[in-house]
Amino acid sequence: MIDVQGVSHVYPDGTRALDRVDLLIPDGDRLAIIGQNGSGKSTLVRHFNGLLRPTEGRVLLDGRPTADRRVAALAARVGLAFQDPDRQIFAGRVRTEVAFGPRNLGLRGAALETAVSGALASVGLVEQAERNPYDLGFSSRKLLALASVLAMGTPTVVFDEPTTGQDLRGAERIQAIVAELAAAGRTVIAISHDMRFVAESFARVVVMRAGRVILDGTPAEVFAEANWEELAGTYVEPPLAARIGARLGLGSTPTDGALIEALVGRSA
Amino acid sequence: MLHAETNLTSVPDYVLRPPAGFYRALNPATKLVIALCTAALAFVLRGWLAPILALVVVGATVARARLGRAFLPFVLATLPLLVSIVLINTFLYPGATDTLFVVGPFRATGSGLTVAGQASLRILAFALSVAVFALTTPTDDLLADLERRGLGRRASFVVGAAIQTIPRLAARAGEVADSQRARALDTQGSPWRRIRGIVPLAGPMISGALSEVEERTMALEARAFSAPARRATLRPMPDDQAQRVGRWLFGLATVVLIVATITGRLALP
Ligand SMILES: Nc1ncnc2c1ncn2[C@@H]1O[C@H](COP(=O)(O)OP(=O)(O)OP(=O)(O)O)[C@@H](O)[C@H]1O
Ligand SMILES: [Mg+2]
């Protein structure tokens, strides 16, 4: 469980990136964080594993404050995959890259092998295991970066914009990963600008603007027509299904499934 | 030590602080001359004195420019090189017989260690003098100034691209370190652990620097960089007689020292 209590973060140059944020993320939550560029999403998730420390307030991880714990220890609980894979990939082989995290956590031998193979299978890179990461395309490198965090087997997994640069197949793969993690009872948190992905894959949506949480609820609640103005204020456009549903007077239908359901219900 | 729990500045220092104080307010060309001469002296002159003096000059500039921790990534970037230089020279210096101690098949020699120490100091002084310059000088200012002085646009671009890579590298270093720490890389603890931690940090930084230079070239071309027009600059660049004289004197002294060393007329301790 992650408990963010009144957290503000001011960067050394004086930018106030977070402004008294309160957020409780129970175990097993499936949470998407959205909001315009610079609204503080990445800054917020970097507090979950201690990469950044609150300037004000505190973050509790499983009931204990993160303040006095080292990142290397917190990383065993919260895995965080960054936006740009090229800022993390260093190994000459895909398999070695994926093994880096779990190895740092102390896994060896068969346990390490299992963790690595499992993660490679999740992202569909089993056949590329012996290749050089830089021979892969950008979208595969991004999946590799995800795999290298998945392999750590952390109870919580955080993805910073996982679907950018992915084609339809890659995006579907990532949706499947989210579903798989959720089914295993792990907490999944993703930052995204892809509203369709957000509505389809997550049970809870947190909307940020200027360092604050302005909306927090299920996709149906957050993308309901009553909130559109507020969403526009942070440059978020509701998913197409939600807009069609509202236009047809079907209520809040953020996902394709919900829209079809409502349409079927009406014609029946 | 490396990245303990600090947040590396991911923005070049000059963005955060407007030029103020003695060093920052110098004309870009003066700063460039200081940086290049210190770097050249540190690199060419042998012995202990030159690199130590260069480090003192750099140290003084760092203090004057109030850079704080911003240049730590540059020290970090030189570490892989330093480590290999120290290991190779200490244990494998050709012809050295003054054995200090033995590790398995390897003999550490006193003369090897001396060479290693001097080389390390030289590299540090070299890297830091360039770093200080890059962190305190908006590249646009430098390029505009060089162009005004009649340096060809291509040449000033090469200078600019080389220098501009450095603050980018610093920004990148912070992000790379964060990614690896998020994967439980522990940069604290035993020296061995720290040394091993360098590979995952240095790799993405270097490959990133290379691709950034390439992107920059393309971006510049896309903005008609080679178009044969003379451009006007908006910002006035402070320059005065004292700086002009200082530049020439420092440059001249450097050339004399280097020539004297190369021709064997000067042997510094
Ligand atoms: N290292 C830093 N130093 C100073 N300011 C920073 C730093 N990192 C981010 N900021 C600033 O903090 C604010 C929040 O940035 P953050 O990266 O958390 O936003 P974000 O919501 O993740 O945006 P995006 O959607 O573009 O990724 C922005 O104003 C940004 O410019
Ligand atoms: Mg971000």
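Residues numbered from 1 in each chain as written. Chains lettered and ligands numbered in written order. Predicted model: local features only at pLDDT ≥ 70, side-chain atom pairs only at ≥ 80, totals over all residues. Heavy atoms only, no water.

A.B. asks: How should I be thinking about the interface of chain B and chain A in this particular structure?
C.D. replies: Accessible area lost upon the coming together of the parts serves often as the stated size of an interface. Taken residue by residue, the interface counts 21 residues in chain B and 26 residues in chain A. Roughly 2,200 Å² is buried in total at the junction of chain B and chain A, and carbon and sulfur atoms are behind 54% of that figure. Inspection of the region where chain B meets chain A yields 3 salt bridges. Ionic pairing is found between Arg46(A) and Asp178(B), a salt bridge with its closest N-O pair at 3.9 Å. Between the two partners, chain B and chain A, sit 7 residue pairs in polar contact (both at pLDDT 80 or more). Looking at the side of chain B that touches chain A, the elements that each hand over two or more residues are helix H8 (153–182) and helix H10 (198–222) of chain B. At 8 residues, H8(B) tops the list of elements feeding residues into the side of chain B that touches chain A. A class-by-class count of the residues in the side of chain B that touches chain A yields 8 nonpolar, 5 polar and 8 charged. (Contact = heavy atoms within 4.5 Å. Buried area = accessible area lost by both parts, 1.4 Å probe. Salt bridge = Lys/Arg side-chain N within 4 Å of Asp/Glu carboxyl O. Polar contact = N/O pair within 3.5 Å; in protein donor to acceptor, adjacent residues only side chain to side chain. Helix = DSSP H or I, 4+ residues; strand = E, 2+ residues; numbered from the N terminus. Nonpolar A, V, L, I, M, F, W, Y, C, P; charged D, E, K, R; others polar.)

A.B. asks: Where do I start with helix H5 (residues 72–92) of chain B in this structure?
C.D. replies: Along an α-helix, residues three or four positions apart point the same way, because every turn accommodates 3.6 residues. Residues and elements named next belong to chain B. Helix length check: H5, at 21 residues, gives a terminal C-alpha distance of 30 Å against a target of 30 Å (1.5 Å per residue), a fit within 8%. The largest bend along H5 reaches roughly 40 degrees and is located at leucine 79, with the proline proline 80 sitting one to four residues downstream. When H5 is considered as a whole, its buried residues turn out to be Pro73, Phe74, Leu76, Thr78, Leu79, Leu82, Ile85, Asn89 and Thr90. (Expected span 1.5 Å × (residues − 1). Bend = angle between axes of the 7 residues up to and from the residue. Buried < 20%, exposed > 50% of the residue type's maximum accessible area, 1.4 Å probe, protein only.)

A.B. asks: Is there a simple way to think about the sheet that holds strand S8 (residues 187–191) of chain A in this case?
C.D. replies: Strand pairing in a sheet is mediated by backbone hydrogen bonds. Such pairs are either parallel or antiparallel. Residues and elements named next belong to chain A. Taken in spatial order, the 6 strands make up an open sheet running S6-S7-S8-S3-S9-S10, and their pairing is mixed. Each having just a single partner strand, strand S6 (78–81) and strand S10 (212–217) make up the two edges of the open sheet. In this sheet, neighbouring strand axes are inclined to one another by 15 degrees on average, regardless of whether the strands run parallel or antiparallel. Note that strand S3 (residues 30–35) and S8 share 4 bridges and pair parallel. Residue pairing in the sheet places leucine 31 in a bridge with isoleucine 189 of S8. (Pairing = 2+ DSSP bridges. Axes fitted to C-alpha atoms, helices over the stretch in contact; angles between N-to-C directions.)

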